[in-house]
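# Remarks on the overall topology
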Amino acid sequence: MRILVLGGTAWLGRTVVQRALDAGHDVTCVARGSDVPAGARLVQADRDHDDALTAVSREHWDAVVDVSRTPEHVRRAVRDLEPVARRYVFVSTVSVYASQAEQGADEHAAVLEPSDDPAEYGAAKVACERAVLDAFGAERASIARAGLVGGPGDHTGRSGYWPWRFARAAAGGRAVVVPARTDRPTSVIDVRDLADWLVGAAQDGAARIGAAQDGAARIGAIQGGRAGVYDVTGEVVTLGQHLDAARTAAAAAVPVVPLADDVLLARGVAPWAGPRSLPLWIPDDDHQGMNDRPATRARSAGLKRRPLAETLADALAWEQLQPDQPHGAGLSDADEDVVQSAEG
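About the cut-offs
Residues numbered from 1 in each chain as written. Predicted model: local features only at pLDDT ≥ 70, side-chain atom pairs only at ≥ 80, totals over all residues. Heavy atoms only, no water. Core = buried A, V, L, I, M, F, W, Y, C linked by side-chain atoms within 4.5 Å. Buried < 20%, exposed > 50% of the residue type's maximum accessible area, 1.4 Å probe, protein only. Helix = DSSP H or I, 4+ residues; strand = E, 2+ residues; numbered from the N terminus. Contact = heavy atoms within 4.5 Å. Salt bridge = Lys/Arg side-chain N within 4 Å of Asp/Glu carboxyl O. Phe/Tyr/Trp six-rings, centres within 6.5 Å; stacked < 30°, edge-to-face > 60°. Lys NZ or Arg CZ within 6 Å of the ring centre and 35° of its normal. 1 Å grid on protein atoms, 1.4 Å probe; cavity = no way out; pocket = protein on both sides within 12 Å on 5 of 7 lines; lining within 4 Å. Points joined across faces, edges and corners; volume = space filled by probe spheres on them. Nonpolar A, V, L, I, M, F, W, Y, C, P; charged D, E, K, R; others polar. Pairing = 2+ DSSP bridges. Axes fitted to C-alpha atoms, helices over the stretch in contact; angles between N-to-C directions. pLDDT = per-residue confidence, 0-100.

What follows concerns the nonpolar core. Membership of the largest hydrophobic core comes to 34 residues, with the highest contact counts inside it found for Val16, Leu194, Trp197, Leu198 and Val232. Among the secondary structure elements, those contributing two or more residues to this core are strand E1 (2-6), helix H1 (11-22), strand E2 (26-31), strand E4 (63-66), strand E5 (88-93), strand E6 (141-146), helix H5 (191-204) and strand E13 (228-232). Residue contacts for Val16: discarding those within four places in its chain leaves Val5, Val65, Ala195, Leu198 and Val199. With 31 residues, the next largest nonpolar core counts Tyr161, Val237, Leu308 and Leu331 among its residues.

In structure tokens form, the structure reads like this:
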């Protein structure tokens, strides 16, 4: 197959490109940068420019894979590529849902009102989804609403922090600060499993391309599945189970210091992500549904998920090669010392 990846230099995009190359596909990347996997063809372009896709719009593509969060970029892409592409695979997010309170909800849940502002992440992704579906229709589009993505290469630190923290504690004879309440849901989709599902969606979208009487390209009959909208998320486990998997990945049996939500918040610990945070900890009961989406439809359409302990072990191996820890999310040793102290 000929697959066009709009991007290919950042974490998920590079993984998609590599998995597609490993599957034997011919891959072209359109990107501002130049760091694409070996074996992929690069077309350098800036999607802020209206004519960024002119060159690739003169070719035919079995599938396009797009990870953009900018509605204007997506509108230009579907405008230019709909006549020459069989399938458009768009990576969206579970942040599109209007409510994150309901646990176990699926793709039928209401979404946010669309926004053209990329800073409004979920609402901007809604606008992107609509542009794709309006241009390609539900039969020629695959929308993957991804959950929290983790594994090797996770620059956000959200999936790498806990195994790294347990491993560091074991090496230094330290205890680990954890939330006292660990029954809330968590979910991490391995970047490689997500990429494999996206490449599968591109493959399943194979179609016949014929020539119209005037010589212009047209799209023929669609073959295969994975069309439409899918939640593509990891297995739902409790925070306690996630911490157990992190301990397993780190091979570390270390003491923990469980602290209540109000204590953590009072001592300046941030939920979920970012500096001085405890990754995956969400004390707000109105947001527990974000990590509790079963992905039944995606699993029925071929989503395979590796064990969480494997994802975290590989994330740890990558973390241990990085120059700075923690990065993106988590507590430093000094932060932990302050948080554990009564004066913190």
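Okay, the pattern of salt bridges next. Under the criterion given, the structure shown has 31 salt bridges. Note that Arg174 and Asp337 form a salt bridge whose closest N and O atoms lie 3.0 Å from each other. On the criterion of sequence distance, the pair formed by Arg174 in the loop between helix H4 (161-172) and strand E8 (176-179) and Asp337 in helix H10 (residues 333-340) is long-range, its members being 163 residues apart. Relative accessible area serves as the criterion here: at 44%, Asp337 is assigned to the partly exposed category. Salt bridges sharing partners connect three or more residues here, namely Asp50, Glu72, Arg75, Arg76, Arg79, Asp80 and Asp116.

The next thing to look at is the packing of aromatic side chains. Counted under the stated rule, the structure contains five aromatic pairs. Taken together, a centroid distance of 5.1 Å and an interplanar angle of 45° make the contact between Tyr88 and Phe136 tilted. On the criterion of sequence distance, the pair formed by Tyr88 in strand E5 and Phe136 in helix H3 (residues 121-140) is long-range, its members being 48 residues apart. Classification of Tyr88 as buried rests on a relative accessible area of 0%. The class of Phe136 is buried, set by a relative accessible area of 4%. Here the aromatic residues Tyr161, Trp162, Trp164 and Phe166 are joined through ring pairs into a cluster of three or more. Sitting over the ring of Trp61, Arg2 keeps its end group 4.2 Å from the ring centre. If you follow Arg297 out to its NZ or CZ, it ends over the ring of Tyr230, 4.0 Å from the centre.

With respect to burial, helix H2 (residues 71-81) is a largely interior element, eight of its 11 residues being buried. Taken together, the buried positions of H2 are Pro71, His73, Val74, Arg76, Ala77, Val78, Asp80 and Leu81. Of the surrounding elements, those touching the buried residues of H2 are E1, E4, E5 and H3.

With that settled, the discussion passes to the layout of surface pockets. Roughly 1,200 Å³ of internal volume is contained in the largest pocket. Taken together, 42 residues line the largest pocket, and the ones lying closest to its centre are Val67, Ser68, Arg69, Tyr121 and Lys125. Of all the secondary structure elements, the ones that give two or more residues to the lining of the largest pocket are H1, E2, E5 and H3. When its residues are assigned to classes, the lining of the largest pocket shows 17 nonpolar, 17 polar and eight charged.

Bringing the sheet that holds E6 into the picture now. The sheet built from seven strands is open, its strands ordered E3-E2-E1-E4-E5-E6-E13 with parallel pairing. The open sheet is flanked by strand E3 (41-44) and E13, the only strands paired with a single partner. The average angle at which neighbouring strand axes cross in this sheet is 20°, direction not considered. Where E2 lies against E3, four bridges are found, and the strand directions are parallel. Each bridged residue has a counterpart across the sheet, and for Thr28 the counterpart in E3 is Arg41. The sheet strands contacting H2 are E1, E4 and E5, and the helix crosses E5 at an angle near 165°.

So, about the confidence of the model for the chain. When pLDDT is averaged along the chain, the result is 93; 93% of the residues meet or exceed 70. Throughout residues 207-224 the model reports pLDDT below 50, and contacts reaching past four residues in sequence, or to other chains, amount to 35 contacts.

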